[in-house]
Amino acid sequence: MTTTSLVIGGTSGIGLAAAMRLAAIGDSVHVAGRRGERVAAATGEHPELVGHVLDANDRGALDAVFAELGTLDRLVITVASSAGAGAFSTLDVDVLRSAFDAKYWPTVTSMQAAIPHLAADASITLIGAITARMGMNETAGIGSLNAAVEGLVRPLATELAPIRVNAVSPGGVDTPWWDFVPAELRAQLFAQTAATLPVGHVATADEVAEAVVFAATNRNLTGTVIETDGGARLGPVAA
Ligand SMILES: NC(=O)c1ccc[n+]([C@@H]2O[C@H](COP(=O)([O-])OP(=O)(O)OC[C@H]3O[C@@H](n4cnc5c(N)ncnc54)[C@H](OP(=O)(O)O)[C@@H]3O)[C@@H](O)[C@H]2O)c1
């Protein structure tokens, strides 16, 4: 029987890497994102993926895609927000609200729309971030956003059981999420970060995607947040 997966945010970065890994294990994989050109690029490069132009804040559009897919076995949500960092005392509350609009609310809306269409043994896999659990200056906003996403996992793992609900919590990952930083500066930043990390390198999207697929497929895993951060949460390695 075909296993159907949908990756919302699957047209770039971690989501696209997860979609390719799910396709490689034989799933029928659908990817969704807001920008048609990104959907076309992802499905053009990876014709095994089926693309959908979709804004995960749009409940009507979500309902239409889920109705088209039929029964869904694995839902992965990797929508991103880059807003919400900065010194707390001057953090613009409207910017922080926009960060929740970009990541938390689409995550919630997607899950609510998916529930009637999920197989009894389906999995839902979310993406948080290390900022949810590390004491780092200037991350109170973005960290509380990711804590809100990760906070959905445990209660929903019992409320929706036997559907499994997990999250993956990465540190820095080399994906287009970082495109707002000029290339030269980004290379410097990644090199500096790599030097402090126990694993000695900044994660690739595929490394994080491997954890996503583990969460999505392992039948004994639920209510878990998998940390895949190269050891960043342990603090910097000795110079
Ligand atoms: N990269 C990192 O360093 C890092 C670190 C920690 C956590 N994370 C988390 O990992 C997740 C994936 O990040 P990434 O680095 O892979 O980001 P990315 O490369 O920017 O990909 C984000 C994807 O989400 C889609 N998307 C965004 N908003 C959407 C919406 N409302 N509806 C549908 N699709 C939407 C984007 O396509 P469109 O823009 O076309 O919609 C794109 O496909 C995010 O939750 C991010 O917060 C990333």
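Our subject is the structure that appears above.
Quick caveat, the model's predicted, so the values are computed rather than measured.

About the thresholds
- Residues numbered from 1 in each chain as written.
- Predicted model: local features only at pLDDT ≥ 70, side-chain atom pairs only at ≥ 80, totals over all residues.
- Helix = DSSP H or I, 4+ residues; strand = E, 2+ residues; numbered from the N terminus.
- Rg over C-alpha atoms; globule rule 2.2 N^0.38 Å.
- Buried ≥ 20, exposed ≤ 12 C-beta atoms within 10 Å, placed from the backbone.
- Pairing = 2+ DSSP bridges.
- Axes fitted to C-alpha atoms, helices over the stretch in contact; angles between N-to-C directions.
- Contact = placed C-beta atoms within 7 Å.
- Core = buried A, V, L, I, M, F, W, Y, C linked by C-beta atoms within 7 Å.
- Arc of directions from axis to C-beta.
- Near = placed C-beta within 6 Å.
- Nonpolar A, V, L, I, M, F, W, Y, C, P; charged D, E, K, R; others polar.
- Parallel < 35°, antiparallel > 145°, perpendicular 65-115°, else oblique.
- Left-handed = near helix turned anticlockwise from the far one by under 90°.
- Expected span 1.5 Å × (residues − 1).

We now examine the overall build of the chain. Of the regular secondary structure elements, the chain holds 9 helices and 9 strands. For the chain, the C-alpha radius of gyration of 17 Å lies close to 18 Å, the compact-globule estimate for 239 residues. Every one of the 239 residues in the chain was classed for burial, and the buried ones make up 44%.

The parallel open sheet is built from 7 strands, whose spatial order is E3-E2-E1-E4-E5-E6-E9. In this open sheet, the two edge strands, each paired with only one partner strand, are strand E3 (49-53) and strand E9 (225-228). For this sheet, the mean inter-axis angle between neighbouring strands, taken without regard to orientation, is 20°. In terms of strand pairing, strand E2 (residues 28-33) meets E3 through 5 bridges, oriented parallel. Considered in E3, the bridge of glycine 33 is made with valine 53. Relative to E2, helix H1 (residues 13-24) is tilted by about 165°, and along the sheet it contacts strand E1 (4-8), E2, E3, strand E4 (72-77) and strand E5 (118-127).

Membership of the largest hydrophobic core comes to 58 residues, with the highest contact counts inside it found for Ile14, Ala18, Ala19, Val208 and Val212. Considering every element that reaches this core, the biggest residue donor is helix H9 (residues 205-217), with 8 residues. Beyond its immediate sequence surroundings of up to four residues, alanine 18 is in contact with Val7, Gly10, Val76, Thr78, Ala209, Val212 and Val213.

On to helix H3 (residues 59-69). Residues Leu62, Val65 and Phe66 constitute the buried set of H3. Take H3 and look down its axis: the buried residues cluster within an arc of 100°, on one side only. For H3, exposure combined with an orientation more than 90 degrees from the buried face picks out Gly60, Ala67 and Glu68. Elements that come into contact with the buried residues of H3 comprise E2, E3, E4 and helix H5 (104-114). Phi for glycine 70, located one or two positions after H3, is positive at around 75°.

Right, let's get into the site of the ligand. Neighbouring residues of the ligand: 30 residues in total, closest Gly9, Gly13, Gly33, Arg34 and Trp177. Taken together, the elements giving at least two residues each to the shell around the ligand come down to H1 and E2. Here the shell around the ligand takes 3 residues from H1, the largest share from any one element. Classifying every residue of the shell around the ligand gives 15 nonpolar, 10 polar and 5 charged.

Glancing now at unusual backbone geometry. Here the amide bond leading from alanine 161 into proline 162 is cis, since omega sits at 10°, within 30 degrees of zero. By the element assignment, proline 162 lies in the loop between helix H7 (153-159) and strand E6 (164-170).

On to the packing of H1 against H9, then. Contact pair H1 / H9: the axes reach a minimum separation of 8 Å and the direction vectors enclose 60°. Of the possible angle classes, the one that applies to H1 and H9 is oblique. At the point where H1 passes H9, the crossing takes the right-handed sense. Contacts between H1 and H9 involve Gly13, Ile14, Ala17, Ala18, Arg21 and Leu22 from the first element and Ala205, Asp206, Val208, Ala209, Glu210, Val212 and Val213 from the second. Classifying every residue of the contact of H1 with H9 by side-chain character gives 9 nonpolar, 1 polar and 3 charged.

Right, let's talk about the environment of glutamine 192 for a bit. When you line up the elements, glutamine 192 lands in helix H8 (residues 183-196). The class of glutamine 192 is exposed, set by 10 C-beta atoms lying within 10 Å. When the C-alpha atoms of glutamine 192 and aspartate 92 are compared, they prove to be 28 Å apart, with 100 residues separating the residues in sequence.

It is worth spelling out H8 at this point. One full turn of an α-helix is made of 3.6 residues, so residues set three or four places apart face in the same direction. The end-to-end C-alpha distance of H8 is 20 Å, a good match for the 20 Å that 14 residues give at a rise of 1.5 Å each. Little of H8 is tucked away: 0 of the 14 residues are buried.

For the rest of this paragraph, the subject is the environment of valine 165. Considering the arrangement of structural elements, one finds valine 165 in strand E6. Take valine 165: there are 26 C-beta atoms within 10 Å of it, and that puts it in the buried class. Setting aside chain neighbours within four positions, we find valine 165 in contact with Ile124, Val153, Leu156, Ala157, Leu160, Thr222 and Gly223.

Spatial relationships are all this shows, so hold off on functional conclusions.
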